[in-house]
Amino acid sequence: MSATTETPAPAAAPAAHGIFGFTRAQAVAFVVMLAAIVILPHILYPIFLMRVLMGALFACAFNLLIGYLGLLSFGHAAFYGMGAYLGAWALKVWHLDAALAILVGGATGGLLGLALGWLAIRRSGIYFAMITLALAQMVYFFCVEAPFTGGEDGIQQIPRGVAFGLFPLHSDMAMYWFTAAIFLAGFLLIHRVIHSPFGQVLKAIRENEPRAISLGYRVQDYKLIAFVLSAFLSGIAGATTSVIFGIATLDGVVSDRSGDVVLTTLVGGLGTVFGPVVGAAVTTAMENYLAQFGSWVTITQGAIFVVCVLAFRRGIVGEVAARLKLSL
Amino acid sequence: MADHILETEGLTKEFNGFVAVDHVALGVRTGTIHALIGPNGAGKTTCFNLLTGFLPATAGRIRFKGRDITGMRPAEVARLGLVRSFQISAVFPRLTALENVRLALQRARGRSFDFWRSERVLARYNDRAHQLLFDVGLSEFVHTVAGQLAYGQKRALEIATTLALDPEMMLLDEPTAGMTHADVERIVELIHTIRAGRTILMVEHNLSVVEGLCDTITVLTRGRVLAEGDYAAVSANPEVIAAYLGSEAPHAEPAHA
Ligand SMILES: Nc1ncnc2c1ncn2[C@@H]1O[C@H](COP(=O)(O)OP(=O)(O)O)[C@@H](O)[C@H]1O
Ligand SMILES: [Mg+2]
């Protein structure tokens, strides 16, 4: 090991963190995002935007693990898909309030996350990824066989119902505002988690796990809590999507879904606050506008993935942030 | 024995048949600075890994403060007050010096599962963290990202972070390795000031550091204890001289290892 002789210049205290722990640049980006959420439904299809928002929430939840803890899960479809099924079931069969049904979906994701996470966090790196993939495949096969999922047909004709006993969600615009509120709540929750005493420990574990252990941190507990939070929010995203489209199918639990969320996060910028949101907008738009070309979607996605990994390793937001020397 | 804070009995570690630590009986007296020396590959770092639970022992027992800690998980060992440093400097590179130290304070004082609170609650640890950074000479670098610190400063930050836990016993693995002369002196002085009320077990290659600092020295070669005693006794031991001549000279090494 070579000794560094030059001494770094002392750094000044950082400017006090503004509202809710956002830096100035992040606060600006957040306002831009809010404006987009308010204006865009008058220009673009609300249904499309709702897909973007829930894709973004799913990717943000996934990013909590990979970006802030260095844990690459290849099994997040299990939480998203099971959340979608149970949310659908709660709405259609139990006739619960839409908000409550979505919470049921989140709880399903969280509980499943507790079980799968408990098994997976014992390993790290590629082994962690493989275990999550294998466990999610088991969940998939369970869903293929279990009668309540409706097999190939899925659970169909789910009524959107009423949120909080007050807001009927039949119109797309009503559903849109409800979806936007859920997205914002999830987004801000993740931001708060990252900027909490708990989040500080997550960063320590990512940076130097043996050192965190040697300071007396029971790192498995922290990983499991983060995993459950991530799975909970994935379940919320899945359940909300099934309410939006009135259908929950095997599409939610299939391993492609786990791959999509990895892609979305990478394209947007891993470990950035806004990267997963931008990534979701880009990948959903691509899916939407390339749909007419059939299987070309997959090939184009693959190509974009390769370009991103080779040329823009930090993802769209990561590159922009690096160029502007900002944290986004 | 009551005056031993740390004791091992027949401590052994095998890696696929290779015996890295071989029936080591170590006794560290409370309040002393104890050196573990020996040529590269002697098993010193492996010993540290065993003592702190980072590796499971193949055989033998470890007692800390009279309590059997064999097989205990590393985080639990740390919570009992036996805290280690690492041979390669162990900081959280993308966090500031202040945040590094606060992470230790936050653990010791219990605030770490609050995921719904703002990290602003951690400001309550700032005064103590500033004091610790001042003690190790890093006052000017409180807000510097740890990865940008010079090598000697990283080691100092590591010690400040460990001290934040106020551990009864510290294990330091080559705290002065790869340092400039001035940095070595600063660390030696620092160890002098932090020893009050503490026991320190350290791996150290620089024998002039050992001579000036340590009460007891244990010499390890090929996993076995070759000799134990104070500096005068150990350095006069013919077996130690032979062992060192076989590999590396017992003189102080150049500052840049
Ligand atoms: N995890 C491991 N797996 C296999 N062999 C190891 C491992 N750790 C250490 N060793 C071996 O054990 C011996 C002692 O290593 P170490 O304790 O690092 O020596 P020291 O710190 O005294 O230089 C060396 O021969 C090393 O190669
Ligand atoms: Mg060593």
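Structural data are supplied above this passage.
Just so it is clear, the model here is predicted, and its values are computed rather than measured.

Chemist: Looking at this model, I keep getting lost on the site of ligand 1. Mind explaining?
Modeler: Residue and element names in this part refer to chain B. As a structural note, the neighbourhood of ligand 1 is formed by F15, F18, A20, N40, G41, A42, G43, K44, T45 and T46. Take G43: an N or O atom from its main chain is 3.0 Å from an oxygen atom of ligand 1. A distance of 2.8 Å separates an oxygen atom of ligand 1 from a polar backbone atom of K44. Burial of ligand 1 by the surrounding chains reaches 60%, relative to a free accessible area of 560 Å². Of all the secondary-structure elements, those providing two or more residues to the shell around ligand 1 are β2 (18-24) and α1 (44-51). Looking at which element gives the most residues to the shell around ligand 1, the answer is α1, with 3 residues.

Chemist: Help me understand the coordination of the magnesium ion (ligand 2), please; the structure alone is not making it clear to me.
Modeler: Residue and element names in this part refer to chain B. Protein-derived ligands of the magnesium ion (ligand 2) are T45 (OG1) and Q87 (OE1), with the metal-ligand distances lying across 2.0 to 2.3 Å. Note that T45 is positioned in helix α1 and Q87 in the loop between β7 (82-84) and α3 (97-109), a separation of 42 residues in sequence. The exposure class of T45 is partly exposed, given its relative accessible area of 26%.

Chemist: Explain the interface of chain A and chain B here, please?
Modeler: Accessible area lost on assembly of the parts is the figure often given for the size of an interface. Listed as interface residues are 43 residues of chain A and, on the opposing side, 51 residues of chain B. Carbon and sulfur atoms make up 61% of the surface buried where chain A meets chain B, a total of about 4,000 Å² over both sides. Summed over the shared surface of chain A and chain B, the number is 2 salt bridges. For A:R218, the salt bridge identified is with B:E76, shortest N-O distance 2.7 Å. When contributions to the side of chain A that touches chain B are tallied by element, the ones reaching two or more residues are α6 (172-194), α7 (197-207), α8 (209-214) and α9 (219-245) of chain A. A per-element tally of the side of chain A that touches chain B places α7(A) first, with 8 residues. Residue composition of the side of chain A that touches chain B, grouped by class: 23 nonpolar, 12 polar and 8 charged.

Chemist: What should I look at first to understand helix α4 (residues 98-120) of chain A in this one?
Modeler: Since the α-helix turns once every 3.6 residues, residues separated by three or four places project in the same direction. Residues and elements named next belong to chain A. An ideal rise of 1.5 Å per residue puts 33 Å on 23 residues; α4 measures up with 32 Å between its terminal C-alpha atoms. The largest bend in α4 comes to about 25°, at L114. The N-cap of α4, judged by a side-chain oxygen 2.9 Å from the amide nitrogen of A99 a few residues on, is D97.

Chemist: Where do I start with the state of the cysteines in this structure?
Modeler: What we call a disulfide is simply a covalent bond connecting the sulfur atoms of a pair of cysteines. All names here are of chain B. Taken as a whole and assessed by the stated rule, the structure comprises 0 disulfides over all chains. Unpaired in terms of disulfides, C47 finds its nearest cysteine sulfur in C214, a separation of 16 Å. Overall, C214 belongs to the buried group, its relative accessible area being 8%.

Chemist: Please explain empty space enclosed by the protein as it appears in this structure.
Modeler: Using a probe with the size of a water molecule, rolled over the atoms, empty space left in the structure can be pinpointed. Residues and elements named next belong to chain A. Summed over the entire model, instances satisfying the criterion amount to 4 cavities of 30 Å³ or more. There is about 80 Å³ of room inside the largest cavity. Lining the largest cavity we find C60, N63, L64, Y68, F187, I190, H191, I194, T272, V273 and P276. Listed by contribution, the elements that provide at least two residues to the lining of the largest cavity are α2 (46-69) and α6. Its residues assigned to classes, the lining of the largest cavity shows 8 nonpolar, 3 polar and no charged. Here the second largest cavity defines a volume of roughly 50 Å³. Residues that form the lining of the second largest cavity fall into these classes: 3 nonpolar, 2 polar and 2 charged.

Chemist: Just checking my understanding: could you explain the nonpolar core for this structure?
Modeler: The nonpolar side chains of a soluble globular protein tend to be buried with one another. The biggest cluster of nonpolar side chains holds 156 residues, and the ones touching the most others in it are A:M33, A:Y85, A:F183, A:F187, B:V101, B:L157 and B:M202. Among all residues touching B:L157, those that are not within four sequence positions of it are B:V91, B:A97, B:N100, B:V101, B:L133, B:L138, B:A146 and B:L149.

Chemist: How do you make sense of the packing of aromatic side chains when you look at a structure like this?
Modeler: A full pass over the atoms with the stated rule returns 17 aromatic pairs over all chains. Feature note: the residues A:F22, A:F30, A:F183, A:F187 and A:F274 constitute an aromatic cluster, connected by ring pairs. One cation-aromatic arrangement involves A:R122 over A:W118; the distance from NZ or CZ to the ring centre is 4.1 Å. Between B:R84 and the ring centre of B:F86, over which it is positioned, the NZ or CZ distance is 4.1 Å.

Cut-offs used in this document
- Residues numbered from 1 in each chain as written.
- Chains lettered and ligands numbered in written order.
- Predicted model: local features only at pLDDT ≥ 70, side-chain atom pairs only at ≥ 80, totals over all residues.
- Heavy atoms only, no water.
- Near = heavy atom within 4 Å.
- Polar contact = N/O pair within 3.5 Å; in protein donor to acceptor, adjacent residues only side chain to side chain.
- Areas by Shrake-Rupley, 256 points an atom, 1.4 Å probe, with all protein chains shown as cover.
- Helix = DSSP H or I, 4+ residues; strand = E, 2+ residues; numbered from the N terminus.
- Donors = N, O, S within 2.8 Å, 3.2 Å for Na, K, Ca; no water.
- Buried < 20%, exposed > 50% of the residue type's maximum accessible area, 1.4 Å probe, protein only.
- Contact = heavy atoms within 4.5 Å.
- Buried area = accessible area lost by both parts, 1.4 Å probe.
- Salt bridge = Lys/Arg side-chain N within 4 Å of Asp/Glu carboxyl O.
- Nonpolar A, V, L, I, M, F, W, Y, C, P; charged D, E, K, R; others polar.
- Expected span 1.5 Å × (residues − 1).
- Bend = angle between axes of the 7 residues up to and from the residue.
- Disulfide = S-S within 2.5 Å.
- 1 Å grid on protein atoms, 1.4 Å probe; cavity = no way out; pocket = protein on both sides within 12 Å on 5 of 7 lines; lining within 4 Å.
- Points joined across faces, edges and corners; volume = space filled by probe spheres on them.
- Core = buried A, V, L, I, M, F, W, Y, C linked by side-chain atoms within 4.5 Å.
- Phe/Tyr/Trp six-rings, centres within 6.5 Å; stacked < 30°, edge-to-face > 60°.
- Lys NZ or Arg CZ within 6 Å of the ring centre and 35° of its normal.

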